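# Secondary and tertiary structure notes
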Amino acid sequence: ASTARAHAPAPKGGAGGAGSMGLKKGFLSAGAPKPRAAAAAATLAASAKREEPEVIRPAQGLPSGALAGLRIDEVQDALKGAGAKLASNTEWVTDDLLAKMQADPILRQGLTNPRFQAVIAELQTDPQSAMARHAADGELQMFIMRFMQLMASHLSALAPAQRGGGARSAGGKAAM
């Protein structure tokens, strides 16, 4: 019975007909799309071009006290205290970091250049305006790029060592 089915002639026409590979008649040889479908596709494409994504921007012209209710003094005090603590913590400054800075001529020159030191101080207080003001200075851009690359690789290498049971705080608990 199974051999008879394998040699039975294929039905003509329709899905599964000879040469149709399981597709309906005319699927591959239908020709150009109908005008109605082409017009709908053109309309859809035109509407997609007109639509722009919604951009959320900060509100302009808010009264001076409009955001005052969102400020929490305890949070501001904690942030100031944390900033002072981080500034005084020099555990991340290692002999390896200092050696790498001294070995790189661009970093060595930039860290001793008073103009670059002034820009670094400016970046710490007002980064957006400092970046805009010094964007065209190629020498400064190269220094900042090298400095950021070195710091990123250095701090990335320190993180696993500290997580693995390294740094402990004054309370005797592992730092998080």
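Position labels on residues start from 1 in each chain and follow its written sequence. In keeping with the model being predicted, local features are shown solely for residues with a pLDDT of at least 70 and side-chain atom pairs are shown and tallied solely at 80 or more, while totals for entire chains, interfaces and linings include all residues. Remark: hydrogens and water are excluded; side-chain values derive from all non-hydrogen atoms of the structure.

## Thoughts on the pattern of salt bridges
The working definition used for a salt bridge is a side-chain nitrogen of Lys or Arg within 4 Å of a carboxyl oxygen of Asp or Glu. Across all of its chains, the model carries 5 salt bridges by this definition. Among the ionic pairs, D104 bridges to R146, the shortest N-O distance being 2.9 Å. Highlighted residues: D104 in the loop between α4 (95-103) and α5 (105-112) and R146 in helix α8 (residues 138-163), separated in sequence by 42 residues. Each of R115, D137 and E139 takes part in one network of salt bridges that share partners. Segments assigned H or I by DSSP are reported as helices when at least four residues long, segments assigned E as strands when at least two residues long, and all are numbered from the N terminus.

## Focus: the nonpolar core
Throughout this description, the term nonpolar core refers to a set of buried Ala, Val, Leu, Ile, Met, Phe, Trp, Tyr and Cys residues connected via side-chain atoms within 4.5 Å. Only protein chains enter the accessibility calculation, which uses a 1.4 Å probe; a residue is then buried when its area is under 20% of its type maximum, exposed when over 50%, and partly exposed in between. The biggest cluster of nonpolar side chains holds 9 residues, and these are L97, M101, L107, F116, V119, L140, F143, L150 and M151. Of all the elements in the fold, those that place two or more residues in this core are α4, α6 (114-125) and α8. Element by element, the count of residues in this core is highest for α8, at 4 residues. Contacts were defined at the residue level, with two residues in contact if any of their heavy atoms lie within 4.5 Å. Non-local contacts of L140, meaning those with residues more than four positions away in its chain, are made with F116, V119 and H134.

## Notes on the packing of aromatic side chains
A pair of Phe, Tyr and Trp rings is counted when the ring centres sit within 6.5 Å of each other, with Trp represented by its six-membered ring. The angle between the planes then sorts it: under 30 degrees is stacked, over 60 is edge-to-face, the rest tilted. Applying the stated rule across the entire model yields 2 aromatic pairs. Consider the rings of F116 and F143, whose centres lie 5.3 Å apart with planes at 35 degrees: the pair is tilted. Here F116 is found in helix α6, whereas its partner F143 is found in helix α8, with 27 residues between them in sequence. In this pair, the class of F116 matches that of F143, namely buried.

## Thoughts on the confidence of the model for the chain
As a per-residue measure, pLDDT reflects the predictor's confidence and takes values from 0 up to 100. Summary statistics for the chain give a mean pLDDT of 74 and a share of 61% for residues scoring 70 or more. Confidence drops under a pLDDT of 50 for residues 167-176, and excluding neighbours within four residues, the segment shows 7 contacts in the predicted structure.

## Digging into the packing of α5 against α8
The contact between α5 and α8 brings their axes to 9 Å, and the two run at 110 degrees. Considering their axes alone, α5 and α8 lie roughly perpendicular with respect to each other. Judged by the sense of rotation from one axis to the other, the crossing of α5 with α8 is left-handed. On the side of α5, the interface is formed by I106, L107, Q109, G110 and L111, while α8 contributes E139, M142, F143, R146, F147 and L150. Asp, Glu, Lys and Arg are counted as charged, while Ala, Val, Leu, Ile, Met, Phe, Trp, Tyr, Cys and Pro are counted as nonpolar; the rest, among them Gly, fall into the polar class. When the residues that make up the contact of α5 with α8 are grouped by side-chain class, the tally is 7 nonpolar, 2 polar and 2 charged. Axis definition: a line fitted to C-alpha atoms, limited for helices to the stretch in contact. Angles are taken between N-to-C directions and run from 0 to 180 degrees. Oblique is the label for any angle not under 35 degrees, not over 145, and not in the 65 to 115 range, which are roughly parallel, roughly antiparallel and roughly perpendicular in turn. With the far helix as reference, a near helix turned anticlockwise by less than a right angle produces a left-handed crossing, and one turned clockwise produces a right-handed crossing.

## Points about the environment of L140
Positionally, L140 belongs in helix α8. We classify L140 as buried; its relative accessible area is 1%.

## What about α8?
Here the expected length of a helix is defined as 1.5 Å per residue gap, with one fewer gap than residues. Taking 1.5 Å per residue, 26 residues should reach 38 Å; α8 reaches 38 Å between its end C-alpha atoms and fits that length. Of the residues making up α8, those classed as buried are L140, F143, L150, M151, H154 and L158. Residues of α8 that are buried sit in contact with α4, α5 and α6. Sitting at the amino-terminal end of α8 is D137, which places a side-chain oxygen 3.3 Å from the backbone nitrogen of E139. Whenever a nitrogen or oxygen atom comes within 3.5 Å of another N or O atom, the pair is scored as a polar contact, on the condition that within protein one atom can donate a hydrogen and the other can accept it, and that pairs from neighbouring residues in sequence are kept only if both atoms are in side chains.

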